[in-house]
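Results of the structural survey
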Amino acid sequence: NSQGVFGFINQHRVQLVLKYTHDARPESPHAVWKPLDFKCIPGNPARRPCLMSPYHYRLDWETWIRVTASMEQLWVQRAPPDAYHGRLPEFLQALMVRLLSGDDDAAG
């Protein structure tokens, strides 16, 4: 049955990990980097599952669906890490530019 949002199920899930630091010297090998934990993407097993009904977090949904859709083949082909950078969905590229530019609204 191929009806509905999940007309097929991916065999692999590619998980995007964005990390951040508040270290004054992020280039230092001693800088502490922490993963940005999306609220509603399956991630940290110690975190309770997100319950949002009838709505969902659009950024989380788009990230989960579009990253898996655009990068699953790279995983199957055992592509090198640099190959993933060119396949990052445009909305995530734009988000990262805004975050790196200090746009507080982008993080909220």
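Since the model is a prediction, treat every value here as computed from it, not as a measurement.

What follows covers the overall build of the chain. The helix and strand inventory of the chain stands at four helices and two strands. Listed by position from the N terminus, the elements making up the chain come as β-β-α-α-α-α. Split into buried and exposed, the 108 residues of the chain put 21% on the buried side. Partitioning the contacts of the chain with sequence separation of at least 6, the portion at a separation of at least 24 is 38%. Carbon and sulfur atoms make up 56% of the accessible area of the chain, which amounts to about 8,800 Å² in all.

Taken together, Met52, Tyr55 and Tyr57 make up a surface patch of nonpolar side chains, about 330 Å² in accessible area. Tracing the backbone shows Tyr55 in the loop between strand 2 (34–35) and helix 1 (58–76).

This structure, assessed with the given rule, holds three salt bridges. Residue Glu62 pairs with Arg66 through a salt bridge whose shortest N-O separation is 3.4 Å. Here Glu62 and its partner Arg66 are both found in helix 1, four residues apart, which amounts to about one turn of the helix. With a closest N to O distance of 2.9 Å, Arg98 and Asp103 form a salt bridge. Arg98 gets classed as partly exposed once you look at its relative accessible area, which sits at 40%.

The next thing to look at is the environment of Pro35. Its place among the elements puts Pro35 in strand 2. In the structure, Pro35 is positioned 18 residues away from Val17 in sequence and 6.4 Å away in space, judged by C-alpha atoms.

Let's shift gears to empty space enclosed by the protein. Counted by the stated rule, this structure contains one cavity of 30 Å³ or more. By volume, the largest cavity is sized at about 30 Å³. Around the largest cavity sit Val14, Gln15, Leu16, Ile41, Thr63, Trp64 and Val67, which together line it.

All right, on to the confidence of the model for the chain then. Averaged over every residue, the pLDDT of the chain is 80; the share at 70 or more is 90%. Averaged over each element, pLDDT in the chain is lowest for helix 4 (residues 104–107) (72) and highest for helix 3 (residues 90–100) (86).

This part is about the packing of aromatic side chains. Summed over the entire model, instances satisfying the criterion amount to one aromatic pair. Taking 5.8 Å as the distance between ring centres and 80 degrees as the angle between the ring planes, the aromatic pair formed by Trp61 and Trp64 counts as edge-to-face. A residue pair is termed a helical-turn pair when its members lie 3 or 4 positions apart in one helix, as Trp61 and Trp64 do in helix 1 at three residues. A relative accessible area of 27% places Trp61 in the partly exposed class. Here Trp64 falls in the partly exposed class, since its relative accessible area comes to 28%. Note that Arg78 overlies the ring of Trp75, its terminal NZ or CZ placed 4.8 Å from the centroid.

Reading guide: rules and limits
- Residues numbered from 1 in each chain as written.
- Predicted model: local features only at pLDDT ≥ 70, side-chain atom pairs only at ≥ 80, totals over all residues.
- Heavy atoms only, no water.
- Helix = DSSP H or I, 4+ residues; strand = E, 2+ residues; numbered from the N terminus.
- Buried < 20%, exposed > 50% of the residue type's maximum accessible area, 1.4 Å probe, protein only.
- Contact = heavy atoms within 4.5 Å.
- Areas by Shrake-Rupley, 256 points an atom, 1.4 Å probe, with all protein chains shown as cover.
- Patch = residues over 30% accessible without salt bridge, like charges linked within 9 Å, V, L, I, M, F, W, Y side chains within 5 Å.
- Salt bridge = Lys/Arg side-chain N within 4 Å of Asp/Glu carboxyl O.
- 1 Å grid on protein atoms, 1.4 Å probe; cavity = no way out; pocket = protein on both sides within 12 Å on 5 of 7 lines; lining within 4 Å.
- Points joined across faces, edges and corners; volume = space filled by probe spheres on them.
- pLDDT = per-residue confidence, 0-100.
- Phe/Tyr/Trp six-rings, centres within 6.5 Å; stacked < 30°, edge-to-face > 60°.
- Lys NZ or Arg CZ within 6 Å of the ring centre and 35° of its normal.

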